[in-house]
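Residues per chain, in single letters:
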Amino acid sequence: MPIASTMQDRPLLISGILEHGRRIYPDSRVITVGADGAVESTYAQVAARAAQLAHALRGVGVVEGDRVATFCWNHQAHLEAYLGVSAMGAVMHTLNIRLFPGQLAFCVNHAEDKVILIDASLIPLLGKVASELTTVEHVVVVGGDGECGPAALAPLEAIPGATIHRYEAFLEGHPSTYDWPELDERAAASMAYTSGTTGDPKGVVYSHRSTCLHALGICLGSVAALTERDRVLSVVPMFHANAWGLAYAAWWCGADHLLPGPFLQPEPLVRAIERHRPTVAGAVPSIWTGVLHYCSAQGADLSSFRLVLCGGSAVPESLMRRFEEELGVHIVQAWGMTETSPVGTVARAPRGVSEAESWSYRVSQGRVVQGVEMRVVADDGAALPWDGQSVGELEIRGPWVTGRYYRVEAPERFDDGWLRTGDVGTIDARGYVRITDRSKDVIKSGGEWISSVDLENALMGHPDVFEAAVIGVHDAKWEERPLACVVAAEGKEPTPASMRAFLSDKVARWWLPERWTFVDEIPKTSVGKFDKKLLRERYEAGALDVVEVATG
Ligand code: AMP
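Please read all numbers here as calculations on a predicted model, not as lab measurements.

1. Looking at the pattern of salt bridges
Taken as a whole and assessed by the stated rule, the structure comprises 29 salt bridges. Ionic pairing is found between Arg 407 and Glu 112, a salt bridge with its closest N-O pair at 3.5 Å. With Arg 407 in the loop between β18 (392–397) and β19 (414–415) and Glu 112 in the loop between α4 (101–111) and β5 (113–119), the pair connects residues that are 295 residues apart, well separated along the chain. On the accessibility criterion, Glu 112 (37% relative accessible area) is partly exposed. Between Glu 548 and Arg 515 there is a salt bridge, with its nearest N and O atoms 3.8 Å apart. Placement of Glu 548 in strand β27 (residues 546–548) and of Arg 515 in strand β26 (residues 515–518) is noted, with a sequence separation of 33 residues between them. Overall, Glu 548 belongs to the exposed group, its relative accessible area being 52%. Linked by salt bridges that have partners in common, Arg 49, Glu 80 and Glu 168 make up one network.

2. Some remarks on helix α10 (residues 266–276)
Of all the positions in α10, only Pro 268, Leu 269, Val 270, Ala 272, Ile 273 and His 276 are classed as buried. Among the structural elements, β1 (29–32), β10 (231–234), β11 (256–259) and α11 (285–298) are those in contact with the buried residues of α10. Once α10 ends, the next one or two residues include Arg 277, with phi positive near 50°.

3. Notes on the sheet that holds strand β7 (residues 163–166)
With mixed pairing, 7 strands are arranged side by side in an open sheet as β7-β6-β5-β3-β4-β8-β9. Two strands lie at the open edges of the sheet, namely β7 and β9 (202–207), each paired on one side alone. Between one strand and the next, the sheet's axes are offset by a mean angle of 25°, whatever the strand orientation. Relative to strand β8 (residues 188–194), strand β4 (residues 91–94) runs parallel, the two sharing 3 bridges. Bridging from a neighbouring strand, Met 92 pairs with Ser 190 of β8.

4. Points about the domain arrangement of the protein
The domain boundaries assigned to the protein delineate domain 1 (14–26 + 42–213), domain 2 (368–439) and domain 3 (443–548). Here the C-alpha centroids of domain 2 and domain 3 sit 29 Å apart.

5. Considering the sheet that holds strand β24 (residues 465–475)
The mixed open sheet is built from 4 strands, whose spatial order is β24-β25-β26-β27. Looking at the sheet topology across the chains shown, the edges are occupied by β24 and β27. Each neighbouring strand pair of the sheet contributes to a mean axis angle of 25°, computed without reference to strand direction. Seen against the sheet, helix α15 (residues 496–503) touches β24, β26 and β27 and runs at an angle of roughly 120° to β26. Those strands touched by helix α16 (residues 532–540) are β24, β25 (479–488), β26 and β27, and its axis lies near 60° from that of β24.

6. Remarks on the site of the ligand
If you check the shell around the ligand, you find 19 residues, and the closest are Gln 333, Ala 334, Thr 338, Asp 423 and Trp 449. Here a nitrogen atom of the ligand and a backbone polar atom of Gly 312 are 3.0 Å apart. The separation between a nitrogen atom of the ligand and a polar main-chain atom of Ala 334 is 2.8 Å. Coverage of the ligand by the protein amounts to 96% of the 500 Å² it exposes when considered alone. Among the elements that line the shell around the ligand, the one with the most residues is strand β14 (residues 331–336), at 4 residues.

7. With respect to the pairing of β9
Across the 6 residues of β9, 5 count as buried, placing the element largely inside the fold. Bridge count for β8 against β9 is 6 bridges, and the pairing is antiparallel. When the sheet's bridge partners are listed, Ala 192 is paired in β9 with Val 204.

8. Overview of the packing of aromatic side chains
Within the structure shown, the criterion is met by 11 aromatic pairs. Their ring planes at 80° and their centres at 6.2 Å tell us that Trp 510 and Trp 511 sit as a pair that is edge-to-face. Over the aromatic face of Trp 359 sits the side chain of Arg 321, whose NZ or CZ is 4.2 Å from the ring centroid. Lying over the aromatic face of Phe 502, Lys 506 brings its terminal NZ or CZ to 3.8 Å of the ring centre.

So, how was this worked out
- Residues numbered from 1 in each chain as written.
- Predicted model: local features only at pLDDT ≥ 70, side-chain atom pairs only at ≥ 80, totals over all residues.
- Heavy atoms only, no water.
- Salt bridge = Lys/Arg side-chain N within 4 Å of Asp/Glu carboxyl O.
- Helix = DSSP H or I, 4+ residues; strand = E, 2+ residues; numbered from the N terminus.
- Buried < 20%, exposed > 50% of the residue type's maximum accessible area, 1.4 Å probe, protein only.
- Contact = heavy atoms within 4.5 Å.
- Pairing = 2+ DSSP bridges.
- Axes fitted to C-alpha atoms, helices over the stretch in contact; angles between N-to-C directions.
- Domains from an automatic or database assignment.
- Near = heavy atom within 4 Å.
- Polar contact = N/O pair within 3.5 Å; in protein donor to acceptor, adjacent residues only side chain to side chain.
- Areas by Shrake-Rupley, 256 points an atom, 1.4 Å probe, with all protein chains shown as cover.
- Phe/Tyr/Trp six-rings, centres within 6.5 Å; stacked < 30°, edge-to-face > 60°.
- Lys NZ or Arg CZ within 6 Å of the ring centre and 35° of its normal.

This is the structure:
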């Protein structure tokens, strides 16, 4: 006969994370790197401002469930939104500043954002789609005080019916405490769109419960082992995949936050590391590659780090080894997705293996974090053995994994309660996941997605092009970059320069391929689809004649 538990049923809420940090660690720091030095605040100050933000939002009519978007770099005000927006019961929607205009407008309209908090420096980006935004009532401009006059704000005026505010004035005069509502822990707390799938970006809505459990997961000894003694550098953008949960996790355990703002180039990053001495950091491989090259040339002291988390795409072994040998810094690879909050696996070597053996585990995607489960399945849906040999699609389920997408049916992405990751690989007897391929053909460049399909479609709109396929190829700096494989239309001679010019108003500038190859035909699979696997093989075998344009 089952009996009821006697435990209290207190909800896991972001207001709980916020209040814990405020009360227990009032003196911990949030440091934002700026153009003229860093701005440093205490947790007590940040918590007070998060409360002021909640009051201000309330004042303009934001109620529980309303979407409040951010369009910001990593900085203190963004953290205030992370905490205050969700704690008051609104839903924080992190807009990815790297989405190209059409996707950006889609995300704002699809989420029905009522308010957007935007960095002054990013106004021109949002300005491109301002007139297409149909639900935005208020825009709050963060920073840029002094230098951001009416002319700089003008693009926002094209948002139909929106009132424009300045962040500091918006907060001013509001109380520094807030009586946070006791929400349902399963209510929406935040959301993000992923462009890692085909078609329109798809929304993932995180709950308070999923966010809290994920944050606890990040704090675990086997993940980041965070404590009050840490100082966490989030290079991973707060506008993509929740900055890997570091904002919540670090706050909950009282670690200092070091937020780099837009200063992600190797030089300012290394300077910030030397000056502020973070103990933990998270960033995609392309960032660390840049840092490594800079340090090799200039020399630098990165000795404050005890852990550097790296993921978002496969982490090259050479990068990990050189970081360790030349800089004395230990890189740990992690794997995850927007759909998984994001952290799913972490690649720490198992106990009892030699240093030499440990590398085969460290270069894997790692073992699934406790609380979450993974499996590998064959094409026919059968679960495959954990033998390190059987290759199939990786599937994941758990309390911080999405069970569907927001307001769109995508049954092909789910399998009997498991999320289909789209990643293909193996799991070994010890539970180490190794991704061998991606079932999707999108390209991951510097941690952000480039859709090969969108690029192809744009390319094939060119009158001189018969057909075109785009594949991701390895790039020393960005991990992957697009290679455009073009078949010219009869009698035409398209050039990389003419194609790039043609694409420049159709896709984001950083999508423009540097590498081009002109071929007689695109190989096709049995069902007539572009055979990108074969194209990749030909590229790797050096069988394609590739022209690389200098982009300066
Ligand atoms: P996103 O949702 O944009 O964060 O992208 C998630 C995808 O990034 C995953 O499905 C993988 O394809 C890729 N990814 C993330 N981390 C890794 C990693 N450590 N190794 C290989 N691929 C990764």
